[in-house]
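Structural description and commentary
Chain by chain, the residues run as shown.
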Amino acid sequence: MGSASLLLLITAAVAFSAIGIAVAKILTKSKPNFVKGQPYECGIPVSGSPWNQFNIGYYLFALIFLIFDVELIFLYPWAVVVKQVGITALVEIIIFFFILFMGFLYAHKTGALKWV
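Here's a quick rundown of the structure.

Conventions used here
- Numbers given to residues run from 1 along each chain, matching the order in which its sequence is written.
- The model is predicted, so local features are restricted to residues of pLDDT at least 70 and side-chain atom pairs to those at 80 or more, both for listing and for counting; the totals for chains, interfaces and linings are taken over all residues.
- Water and hydrogen atoms play no part in the side-chain values, which are based on all heavy atoms of the structure.
- Note on method: axes are straight lines fitted to C-alpha atoms, helices fitted across the in-contact stretch only, with angles between N-to-C directions ranging 0 to 180 degrees.
- A run of DSSP states H or I qualifies as a helix once it reaches four residues; a run of E qualifies as a strand once it reaches two. Both are numbered from the N-terminal end.
- Angle categories are assigned with fixed cut-offs, so that under 35 degrees is roughly parallel, over 145 is roughly antiparallel, 65 to 115 is roughly perpendicular, and the rest are oblique.
- By definition, residues are in contact when any of their heavy atoms lie within 4.5 Å.
- Charged residues are taken to be Asp, Glu, Lys and Arg, nonpolar residues to be Ala, Val, Leu, Ile, Met, Phe, Trp, Tyr, Cys and Pro, and polar residues to be all remaining types, Gly included.
- Think of a patch as exposed residues, more than 30% relative accessible area, with no salt bridge, where like charges cluster within 9 Å and nonpolar side chains (Val, Leu, Ile, Met, Phe, Trp, Tyr) cluster within 5 Å.
- Computed by Shrake-Rupley with a 1.4 Å probe, the accessible areas treat only the displayed protein chains as cover when residues are assessed.
- Salt bridges are counted wherever a side-chain nitrogen of Lys or Arg sits within 4 Å of a carboxyl oxygen of Asp or Glu.
- Pairing of aromatic side chains here covers Phe, Tyr and the six-membered ring of Trp, requires ring centres within 6.5 Å, and sorts the geometry by plane angle: under 30 degrees stacked, over 60 edge-to-face, intermediate tilted.
- Throughout, exposure labels follow a simple rule: accessible area from a 1.4 Å probe, protein chains only, divided by the maximum for the residue type, with under 20% read as buried, over 50% as exposed, and the rest as partly exposed.
- Think of it this way: Lys and Arg go in the positive column, Asp and Glu in the negative one, and His and the chain ends go nowhere.
- Here a helix's expected span is defined as the number of its residues, less one, multiplied by 1.5 Å.

1. With respect to the packing of helix α2 (residues 56-85) against helix α3 (residues 87-110)
Between α2 and α3, whose axes approach to 10 Å, the crossing angle comes to 170 degrees. Comparing their axes, α3 and α2 come out roughly antiparallel. Between α2, through Ile 64, Phe 68, Glu 71, Phe 74, Leu 75, Trp 78, Val 82 and Val 85, and α3, the contact on the second element is made entirely by Ile 87, Thr 88, Ala 89, Leu 90, Ile 93, Phe 96, Phe 97, Leu 100, Phe 104 and Ala 107. The residue inventory of the contact of α2 with α3, partitioned by class, reads 16 nonpolar, one polar and one charged.

Structure, rendered in structure tokens:
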């Protein structure tokens, strides 16, 4: 029953997608031209090379955000079972927060959080 349901779900997803694309191709008019094919950013024509170099700080900032965002995902299961596990859960979350806080201090000390 389980694999048959999964196979039916995948088949339905592919069929609905294919039908949607086919209907869009049939019902819409397509008049390709050079201007429509040009890239733009926020309505302003692009100037310069697409291979611009960005400050590495932006990437570091984004990665640190992801790390602390994913950390919140680990708090939800902990909050559900904290009463059942008891003091062990409290000690484990204190250690977890300590490790995260040390990472935050390191990022702050190295200047990864400065938006320059």
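Here the narrative resumes, following the displayed structure.
2. Side note on a nonpolar patch on the surface
A grouping of Ile 87, Leu 90, Val 91, Ile 94, Ile 95, Phe 98, Ile 99, Phe 101, Met 102, Phe 104 and Leu 105 is seen on the molecular surface, where their side chains present a nonpolar patch of about 1000 Å² in accessible area. Relative to the assigned elements, Leu 105 resides in helix α3.

3. Observations concerning the environment of Pro 77
Turning to its location among the elements, Pro 77 is positioned in helix α2. The spacing of Pro 77 and Gly 20 is 57 residues in sequence and 38 Å in space, taken between C-alpha atoms.

4. Focus on the packing of aromatic side chains
Counting across every chain of the model gives four aromatic pairs. A ring pair is formed by Phe 96 and Phe 97, whose centres lie 6.2 Å apart and whose planes are at 50 degrees; its orientation type is tilted. Residue class for Phe 96 comes out partly exposed when judged on its relative accessible area of 27%. Taken together, the ring pairs in this structure connect Phe 68, Phe 101 and Phe 104 into an aromatic cluster.

5. Considering the environment of Gly 111
Residue placement: Gly 111 occurs in the segment after α3. By relative accessible area, which is 24% here, Gly 111 ends up partly exposed. Sequence separation of Gly 111 and Ile 99 is 12 residues, and the distance between their C-alpha atoms is 19 Å.

6. Overview of the side chain of Glu 71
Along the polypeptide, Glu 71 turns up in helix α2. For Glu 71, which is buried and forms no salt bridge, the nearest opposite charge comes from Lys 83, at a distance of 20 Å. When residues no more than four places from it in sequence are discounted, the contact partners of Glu 71 are Phe 96, Phe 97 and Leu 100.

7. Quick word on α3
Because each turn of an α-helix spans 3.6 residues, side chains separated by three or four positions in sequence point in the same direction. When the terminal C-alpha atoms of α3 are compared, their 35 Å separation across 24 residues agrees well with the 34 Å that a helix rising 1.5 Å per residue should span. Considered for burial, the residues of α3 that qualify are Ala 89, Ile 93, Leu 100 and Ala 107. In the segment just after α3, Gly 111 is the residue with positive phi, at about 85 degrees.

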